[in-house]
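Read off the chains here:
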Amino acid sequence: MDINKALTKTAFKNREYMITHLPYEREMEFYQSVKMGNIKEVNRLFKPLGGSGFGRLSDDDLRNLKYHLIVTIAFITRYCIEGGMEMETAYNLSDIYILRTDRCVSEEEIRSVHRQVVDDFTGRMHAIIKKGLYSKPVLICLDLIYDNLHNKITLNDLADNVGLSAPYLSKLFHKEVGVTVSQYISQKRVEAAENLLKFSDYSCIEISNYLCFNSESYFIQVFKSYTKLTPKEYREKFFRTRWGG
């Protein structure tokens, strides 16, 4: 069946059985409230998955709820990035909750994860808003760092990209983020290394090279300063541990 015929058939069936979708304005108002960290408004607009207002994405009831929750997570993630949440944090949270959704075996579990997703993202955005949004130059730097963890990136590179002097950007970044640019880059590389040690078979030296550490010994030193474990000890403890499990 081509897409136009399928669209016509679906529209007819929805009219016949009086199936409607959530009003667009209300849906966007909900996501906007999450983005702004407005806990009270999010609770007012929150609607459990399923029932009236939700389209049918699968003939299987459990899979249908899973699909709806994955769509919800995707929208919330992108709204929160737009609102100032660090991209890496937002996408990592998204991955965690989508994996949890995939593991659900009952509608009750899915609805529980739905509530957790909304509360977690809203709470984080509330903290970001309360602290004060990052300025545009700093937001650009955060995204550039995230996109270049496997490349050499310096304060001068970042300054050139945002059109500021290196000393000024350094002060601005430290003021807003709370750490220096180099400390932040090291922190994000260690977080990336943690994921690679958990979920891949790459060796320590391969991870060190991929994430642009000067040497394997320096990688081990930096990694241990953040995690209190060597990469080898970390892998032995957490290898392929389920996220959030």
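Because the structure is predicted, anything quoted here is derived from the model rather than measured.

**Student:** Quick question: what am I supposed to make of the packing of aromatic side chains here?
**Tutor:** What describes a pair of aromatic rings is the distance from one ring centre to the other and the angle between the planes of the rings. If you walk through the whole model with that rule in mind, you get nine aromatic pairs. Note on Phe 223 and Tyr 234: the rings are 5.4 Å apart at their centroids and 85 degrees apart in plane angle, and the pair reads as edge-to-face. With Phe 223 in helix 12 (residues 216–227) and Tyr 234 in helix 13 (residues 231–238), the pair connects residues that are 11 residues apart, well separated along the chain. Of the residues examined, Phe 223 reaches a relative accessible area of 0% and is grouped as buried. In this structure an aromatic cluster arises from ring pairing among Phe 213, Tyr 218, Phe 219, Phe 223, Tyr 234 and Phe 238. Positioned above the aromatic ring of Phe 238 is the side chain of Lys 198, whose terminal nitrogen or guanidinium carbon lies 5.9 Å from the ring centre.

**Student:** Even after reading the chapter, I still don't get the side chain of His 114, so can you show me in this structure?
**Tutor:** Within the secondary structure layout, His 114 lies in helix 6 (residues 107–131). Look at His 114 and you get buried, because its relative accessible area is 4%. Apart from residues lying up to four places away in sequence, His 114 is in contact with Phe 46, Lys 47, Pro 48, Leu 49, Leu 69 and Thr 72.

**Student:** Before we go on, may I ask you to explain the nonpolar core in this structure?
**Tutor:** One recurring pattern in soluble globular proteins: nonpolar side chains tend to sit buried together. Ranked by size, the top nonpolar core spans 31 residues in total, and within it Ile 145, Leu 158, Phe 173, Ile 207, Leu 211, Phe 219 and Phe 223 carry the most contacts. Of all the elements in the fold, those that place two or more residues in this core are helix 7 (136–147), helix 8 (155–162), helix 9 (166–177), helix 10 (181–199), helix 11 (204–210) and helix 12. Examining the composition of this core, we find that eight residues originate from one element, helix 10, more than from any other. Core analysis: the second largest hydrophobic core is formed by 28 residues, Ile 76, Cys 80, Tyr 97 and Cys 104 among them.

**Student:** When you look at the side chain of Ser 208 in this model, what are you seeing that I'm missing?
**Tutor:** Position of Ser 208 relative to the elements: it lies in helix 11. Contacts of Ser 208, omitting those with residues within four sequence positions, involve Phe 213, Ser 215, Glu 216 and Phe 219.

Procedures and definitions
- Residues numbered from 1 in each chain as written.
- Predicted model: local features only at pLDDT ≥ 70, side-chain atom pairs only at ≥ 80, totals over all residues.
- Heavy atoms only, no water.
- Phe/Tyr/Trp six-rings, centres within 6.5 Å; stacked < 30°, edge-to-face > 60°.
- Helix = DSSP H or I, 4+ residues; strand = E, 2+ residues; numbered from the N terminus.
- Buried < 20%, exposed > 50% of the residue type's maximum accessible area, 1.4 Å probe, protein only.
- Lys NZ or Arg CZ within 6 Å of the ring centre and 35° of its normal.
- Contact = heavy atoms within 4.5 Å.
- Core = buried A, V, L, I, M, F, W, Y, C linked by side-chain atoms within 4.5 Å.

Interpretation note: all reported values are geometric properties and have no functional meaning in isolation.
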